[in-house]
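What the coordinates show
Chain by chain, the residues run as shown.
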Amino acid sequence: MSLADESGPAVAAAIPRARAWVERVGSIRSVAFAVVLGIVVLALPALVSTFWLQIATSVAIYSIVALGLALLIGRVGLISLNQIALLAVGGWIALRLGFGTSLPYPLLLLATGVITGVIGTLIGLPALRLSGLYLALITLMAAAAITLALQATNFPNGGSGFLGYSGTAAGSVAASLRRPALLESNTAFYLGVVGVTALMFLLAALHVWGKAGRAWAAIRQSQPAAIAAGVNVTLYKLWAFALASFMTGIAGGLLASSAGGLTTYGFPTQDSITLLAVVLMGGIYSFWGPIVAALLLKLLPELLKNWGLPPDLLTILFGIGVLQVMLTAPAGLVVQVPRDFANLGRMVARRFSGAAEQAE
Amino acid sequence: MIEIADLTVRFGGVTPLDGMSVTFPEGTCGLIGPNGAGKTTFFNVLSGFVSPAAGRVRAFGVDLLAMAHFRRARWGLRRTFQTEQAIEALSVYDNVALVHEHSRGTRATRRRDVLDAIEFVGLEVDPHERVATLGGRDRRLVEVARALVGAPRVVLLDEPAAGLPEEETQHLGRVIRRIPEHTGALVVLVDHDMSLVSACCQITAVLDFGKLIAAGPTAEVLRDEHVIRAYLGTEEQL
């Protein structure tokens, strides 16, 4: 499919076709990809420096956030622009619980996820009445409000009171969540994060392939059809928000334990929009999409810095990236790149066989 | 049995249903009328998409209007849509299972019930085929199969044959005629294809401008002079 023969309706028609393609071809290739990815991920600590290992940790954490957003957009058709703010909320809750209680780490993460899930669901309540642009606006406003509130309250650093912030300790104590003894080293923490990330992807997959996924697919296509099928649209929409927020909360907890801890300027409102851009670029119908999105979001800026290019270049790159994906591959890079490589392979093969025939 | 009494729907100054009273006893019943007569509005009231200004609907002794719309499917209300609404992103199997898992059907029999329904409507595709890849006829049949799983009580078919060629309409007719016996449900069929309605329905009701103008055995209703005048234009055209 070339750019030239694409028009508006053709793009719309291409979306379901692209979806079907992802899921059919995806199942064959996914196993191979997963094996390769698994080996690379596990071998990484032996291959790269501490700095790049921390980047890899952050890629894993943000892939959970991207997964939550991809579920909301790709599966249910809800556009949320407060996922990064929710990540910060998750971080805040994890730190508050970390300083205020002696919960074991897994329970602390779980509690963080549940509380963030409740908060995300409350923000999602307007989604029952609104959709599309209006929902996006409401969630963006919520993100801005959360960012402001965070700047006023700061992340807990062991101070007293409900907010748990101590201005006098701010210089010496980082807002950082204690890691369990088992995950103390950077390598162990990285592997722990990868494990939790895998669990989150499994949780999402179980939903998508089960009863919830079927209900979401119906809601996304047509609410009357969903209702006529007996789907409680309200419940399943809120459940989608709850699930995405739960996962984002857990990511926030992991981020709070990452090297350096959390700072209030680490979660600007516009990052939620950037997240939307990279999630769309990665692909919202495939589980590979959020991984690509996290690589674009967290690895690419570091690579640019490493190559001596200005990080502002990202804004331009993402803008062009979203435009090209929307126009030529609505299912995202995870579909487009393998397809284009397959086309390239065929082209080279044709050249080659053509040259061979001429030689004869 | 569905008993409808004094059903009235108003959209601003328009009255798409005006004091409709009719009883659909059992088997397959037809509901016909010119475009805009209120047939789909009637289905939308039963589905819960439209709230009536007045009137009662009792289906098998239950006050249908008092039930939340999505619970009506669980109770046993099923419908198809004028513009077919098979869920493209799901496979044929998942489309039907979607309804089954929100119905009175049990998990233990789900697989069998779903495959039964797919076979009953005569779908000859791989159940794991994605609906997006199917043609118009097969999508219609997927929608009909969805209406038949999980112990339906009332099946509303809104122009199921719209856009289908003659041969496929006949196939659909054969399927529709066997629904009451196969599932025990009462079927209400809305269609403009009089041969399909005649072939399927023992009882037919006729709406015109939101009012019920005739109801009774299908052959008699189609000969009724009010019906011919309102719906079919002139006698010669019949």
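Everything quoted here is computed from the prediction, not taken from an experiment. (Residues numbered from 1 in each chain as written. Chains lettered and ligands numbered in written order. Predicted model: local features only at pLDDT ≥ 70, side-chain atom pairs only at ≥ 80, totals over all residues.)

We now examine the overall build of chain A. Each helix and strand in chain A was counted, giving 13 helices and zero strands. Along chain A, from the amino end to the carboxyl end, the secondary structure elements read α-α-α-α-α-α-α-α-α-α-α-α-α. The proportion of buried residues among the 360 residues of chain A is 44%. Long-range contacts, defined as pairs at least 24 residues apart, comprise 75% of the intrachain contacts of chain A with a sequence gap of at least 6. (Helix = DSSP H or I, 4+ residues; strand = E, 2+ residues; numbered from the N terminus. Buried ≥ 20, exposed ≤ 12 C-beta atoms within 10 Å, placed from the backbone. Contact = placed C-beta atoms within 7 Å.)

All names here are of chain B. Of note, Phe60 is a non-glycine position whose phi angle comes to about 50 degrees, a positive value. Residue class for Phe60 comes out partly exposed when judged on the 13 C-beta atoms lying within 10 Å of it. With a phi angle near 55 degrees, Ala151 is a residue other than glycine that sits in the positive phi range. Within the secondary structure, Ala151 sits in the loop between helix H5 (136-148) and strand S7 (154-158).

Another aspect to go through is the pairing of strand S10 (residues 211-217) of chain B. Residue and element names in this part refer to chain B. Inspection of the sheet shows strand S9 (residues 203-208) paired to S10 by six bridges, in the antiparallel sense. In the sheet register, Leu207 faces S10, and the bridge partner there is Leu212. Hairpin connection, S9 to S10: the antiparallel pair is bridged by two residues, and Phe209 has positive phi, about 50 degrees. (Pairing = 2+ DSSP bridges.)

Mapped onto the fold, Arg111(B) is located in helix H4 (residues 110-120). A C-alpha to C-alpha distance of 12 Å links Arg111(B) and Asn95(B), two positions 16 residues apart in sequence.

Residue and element names in this part refer to chain B. Counted at 1.5 Å a residue, the expected span for H5 with its 13 residues is 18 Å, and the 19 Å between its end C-alpha atoms agrees. Judged by how many residues are buried, H5 sits mostly within the fold: 10 of 13 residues are covered. For H5, the secondary structure elements touched by its buried residues are strand S6 (77-79), helix H3 (92-100), H4, S7 and helix H6 (166-183). Among the residues trailing H5, Gly150 stands out with phi positive, at a value near 70 degrees. (Expected span 1.5 Å × (residues − 1).)

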